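Listed here are the chains, written in short residue letters.
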Amino acid sequence: YGNFIDDLRLYVRGGTGGMGYPRLGGEGGRGGDVWFVAQERTTLKSIRDRYPQKRFVAGTGANSSVKALKGEKGKDCEVHVPLGISVLCDDGKQIGELNAAGERFLAARGGLGGSLATNFVPCKGQRRIVRLDLKLIADVGLVGFPNAGKSSLLSKISHARPAIANYAFTTVQPELGKIMYADYKQISVADLPGLIEGAHANKGMGHKFLKHVERTKQLLLVVDISGFQLSIKTQFRTALETILLLTKELELYKEELLRKPALLAINKMDLPCAKDNLNELMKQLQNPQDFLHLLQEEMIPANILEFKDIIPISTYTGEGIEELKACIRRSVDEEAEQENEEYRKKKLLLLQTAE
């Protein structure tokens, strides 16, 4: 998976409280807290490199004394984490998430200082092992089998420079790019490591790939018009079979992924026979149910993805790239408008019920 790290285990401990002063009823200061703070341009790799011990302990509260009966609170420990982080307990249960810059999560609370309630004995801070799980946040996620041309497409539509070669599995770590439009609107696109058959069962990069799809707002399936074959040992798949297999993998991992808006880019239109293959594929996509009998039963998805747009492209000649960028923009804007409309309706409903 290259140098890219998408999960990290950390030990966090809140500070111990300060000692109380029994003779004068003085209270010790509370121990410091450990906070995770979301910050841009931070990676899990940079946390691991900077803190190889992966231990974060907050400061101890000040003892109560004659000069200061109420001890000062211990120093908080702040850990800067990337955006799009889920915070999990060691047992895998999610306890929080950080998606926007500046968001904070209390990872370990400091212990109380010694007081009358604790017989002037300070309490220890909370301690636990947590896991930071990164899921990329992007507007659009590129989904496709290896060598479908996802990396080439990302380099065409954005300023990203992913590694590109003509064999399967060039991409071993997620790449993020931004499409820049004339009116300065930016849309982020994530090229995710190639999916293979059986990814839902964690084959290949399985879950490492699929968990990143969860944090994209829309899907852009990239399919080779001439079909796909991973190796000599595996079966050749036509373009339609590729689409249905991708749908099946997403469905088996998490059915909600199929509810995301989806676009379909049919790549390598510069190849000979591409036009004939495209005409046949378009006929098949109009009534996919008529062709399901040609597939093995375990390959047939329960639900078939509905595509908002189907765009034939060639990353080699540049054909259809501008049209695809326009379709992505339209789709993202429509979804944003729909979200705003739903938000307005909820607000209106709340106002009406309040009245």
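This text follows the structure it describes.
Residues numbered from 1 in each chain as written. Predicted model: local features only at pLDDT ≥ 70, side-chain atom pairs only at ≥ 80, totals over all residues. Heavy atoms only, no water.

Turning next to the pairing of strand S6 (residues 94–98). Both strand S5 (residues 85–89) and S6 contribute to a ladder of four bridges, which runs antiparallel. Residue pairing across strands places Val87 opposite Gly96, the latter belonging to S6. Taking the residues between adjacent antiparallel strands as the criterion, S5 and S6 are bridged by four residues, where Gly92 takes a positive phi near 95°. (Pairing = 2+ DSSP bridges. Helix = DSSP H or I, 4+ residues; strand = E, 2+ residues; numbered from the N terminus.)

So, on to helix H2 (residues 150–157). H2 sits mainly inside the fold: six of its eight residues count as buried. Listed in full, the buried residues belonging to H2 are Lys150, Ser151, Ser152, Leu153, Leu154 and Ile157. Elements that come into contact with the buried residues of H2 comprise strand S9 (138–143), strand S10 (175–180), strand S11 (186–191), strand S12 (216–224) and helix H6 (321–354). (Buried < 20%, exposed > 50% of the residue type's maximum accessible area, 1.4 Å probe, protein only. Contact = heavy atoms within 4.5 Å.)

Let us look at the sheet that holds S12. In spatial order, the strands read S10-S11-S9-S12-S13-S14; together these six strands make up an open sheet with mixed pairing. Taken across any chain shown, the strands that pair with only one partner, and hence form the sheet edges, are S10 and strand S14 (307–312). For this sheet the average axis-to-axis angle between neighbouring strands, irrespective of direction, equals 25°. The pairing of strand S13 (residues 262–267) with S14 spans four bridges and is parallel. Residue pairing in the sheet places Ala262 in a bridge with Phe307 of S14. Lying on the sheet, helix H4 (residues 239–253) is in contact with S9, S12, S13 and S14; it crosses S12 at an angle near 150°. (Axes fitted to C-alpha atoms, helices over the stretch in contact; angles between N-to-C directions.)

Another point: the pairing of strand S8 (residues 127–134). Where strand S1 (residues 7–13) lies against S8, seven bridges are found, and the strand directions are antiparallel. Paired with Leu10 across the two strands is Val130, which belongs to S8. Looking at chain direction, S5 and S8 are connected through five bridges and run antiparallel. Directly across from Ile85, in S8, lies its bridge partner Leu134.

Our next topic: the environment of Cys89. By the secondary structure assignment, Cys89 is in strand S5. According to the relative accessible area criterion, Cys89 is buried, its value standing at 18%. It is 6.7 Å that separates the C-alpha atoms of Cys89 and Ile129, two residues lying 40 residues apart in sequence. Not counting the four nearest positions on each side in its chain, Cys89 is found in contact with Ile95 and Ile129.

In this structure the tally under the stated criterion is 21 salt bridges. One salt bridge in this structure joins Asp90 and Arg9, with 3.1 Å as the shortest N-O distance. Of this pair, Asp90 sits in the loop between S5 and S6 while Arg9 is found in strand S1, placing the two residues 81 residues apart along the sequence. With relative accessibility at 45%, the residue Asp90 sits in the partly exposed group. Under the relative-accessibility criterion, Arg9 is labelled partly exposed at 43%. (Salt bridge = Lys/Arg side-chain N within 4 Å of Asp/Glu carboxyl O.)

Strand order in the open sheet formed by three strands is S4-S2-S7, and the pairing between neighbours is mixed. Two strands in the sheet have a free side with no partner beyond their single neighbour: strand S4 (77–81) and strand S7 (104–108). Between one strand axis and the next, the sheet turns by 30° as a mean value, whatever way the strands run. One ladder, built from four bridges, connects strand S2 (residues 34–38) with S7; its direction is antiparallel. Note on S7: the bridge partner recorded for Phe36 is Phe105.

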